[in-house]
Amino acid sequence: MAQIKISANKVEKRFNPDTTNEVIAIEDVSLDIHEGEFVSLLGPSGCGKSTFLFMVGGFEMATAGTLSLNGAPIDGPSANRGIVFQEYLLFPWQVVSKNIAYGLQIAGVSKAEQDRRVAELISMIGLQGFENAYPESLSGGMKQRVAIARALAYDPEILLMDEPFGALDAQTRSRLINDLTRIHQSTHKTTLFVTHSVEEAILLSDRVALFSARPARIKEVFEIDLPHPRSVTDKNFVRYERLILKSLEEEVKK
Ligand code: ADP
């Protein structure tokens, strides 16, 4: 088995602790994510998925339990964690290549190396010819491809994605799922992917961790043993879908 990359041990997160506004977002989550694994977090809306991802990103701290990366506690954000959000968060005043190169520039990477890396990523995300386009001239799917390239630019150890395809139409979403599968197969980047779509989770993941209704605990972890590319009409896909939907529906009803 591959090395454990991200480890959550009895993680709890309370917002506004000990006040009348206290919210227990996460109660007791333990989960190990191995190097190269693609794991989706699925669960009812508001159950704590994004909160968990933010804690792995180092933007929020756990109020109890431990969360570590390579065995060391996560105590803040770092360039070794690339993040993609639902909103594209590109710099509107910079062209595609500059948006992708941003992290490399901050890190003081040489211009030649920046150019080489940006060309490689542009090709990986299939945006050749758009290097000098501004975000406003791109479709939602293209913007999200740029955001993925930007997150990968620094060659982070892990990729964190918070409903990255939530704002896209079905066709674009399906294309990006294929792109992301291909990218994951070529980079083997350890990925934590938050979604509320059972279909997305099964199409993309090695494992799907289902969170309970808030306060979140891990209800069930499903290992998706299907070859890529996956098809939503495949009978084994449908079998997983039924299984996960049934478990998810029990939580949504709570
Ligand atoms: P999900 O991603 O599963 O939809 P979230 O992680 O965004 O859920 O939110 C989990 C719960 O924590 C929600 O009830 C939300 O209102 C609450 N929450 C999230 N961030 C904060 C915050 N900064 N302060 C107080 N409550 C918060």
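Summary of the structure given here. (Residues numbered from 1 in each chain as written. Predicted model: local features only at pLDDT ≥ 70, side-chain atom pairs only at ≥ 80, totals over all residues. Heavy atoms only, no water.)

So, the sheet that holds strand β7 (residues 158-162)
Okay, step 1: Within the open sheet, the 10 strands sit side by side as β5-β4-β1-β2-β10-β9-β3-β8-β7-β6. Their pairing is mixed. Strands with a single pairing partner mark the edges of an open sheet, and in this sheet they are β5 (72-73) and β6 (81-84).
Okay, step 2: Relative to strand β9 (residues 207-211), strand β3 (residues 38-42) runs parallel, the two sharing four bridges. For V39, the partnering residue across the bridge sits in β9 and is R207.
Okay, step 3: Packed on one face of the sheet, helix α4 (residues 140-153) meets β6 and β7 and runs near 170° to β6. (Pairing = 2+ DSSP bridges. Helix = DSSP H or I, 4+ residues; strand = E, 2+ residues; numbered from the N terminus. Contact = heavy atoms within 4.5 Å. Axes fitted to C-alpha atoms, helices over the stretch in contact; angles between N-to-C directions.)

Some words on the environment of L67
Okay, step 1: The residue L67 is located in strand β4 (residues 64-69) in this model.
Okay, step 2: A sequence separation of 12 residues divides L67 from M55, and the C-alpha atoms of the two residues are 7.9 Å apart.
Okay, step 3: Excluding its chain neighbours within four sequence positions, the residues that come into contact with L67 are S7, A8, V11, F52, M55, V56, A72, P73 and I74.

Some points on the nonpolar core
Okay, step 1: Counting residues in hydrophobic clusters, the biggest one holds 48 residues, and the most contacted among them are I100, I148, F165, I202, I224 and I244.
Okay, step 2: Per-element tally for this core: the top contributor is α4, with eight residues.
Okay, step 3: In this structure, L41, C47, F52 and A209 belong to the second largest nonpolar core, which totals 26 residues. (Core = buried A, V, L, I, M, F, W, Y, C linked by side-chain atoms within 4.5 Å. Buried < 20%, exposed > 50% of the residue type's maximum accessible area, 1.4 Å probe, protein only.)

Considerations on the environment of F222
Okay, step 1: Structurally, F222 is set in strand β10 (residues 216-223).
Okay, step 2: Spatially, the C-alpha atoms of F222 and V118 are 36 Å apart, while their sequence positions differ by 104 residues.
Okay, step 3: Other than its neighbours up to four places away in sequence, F222 contacts D206, R207, V208, L210, L243, I244 and S247.

Note that all results are geometric; they support no functional claim without further evidence.
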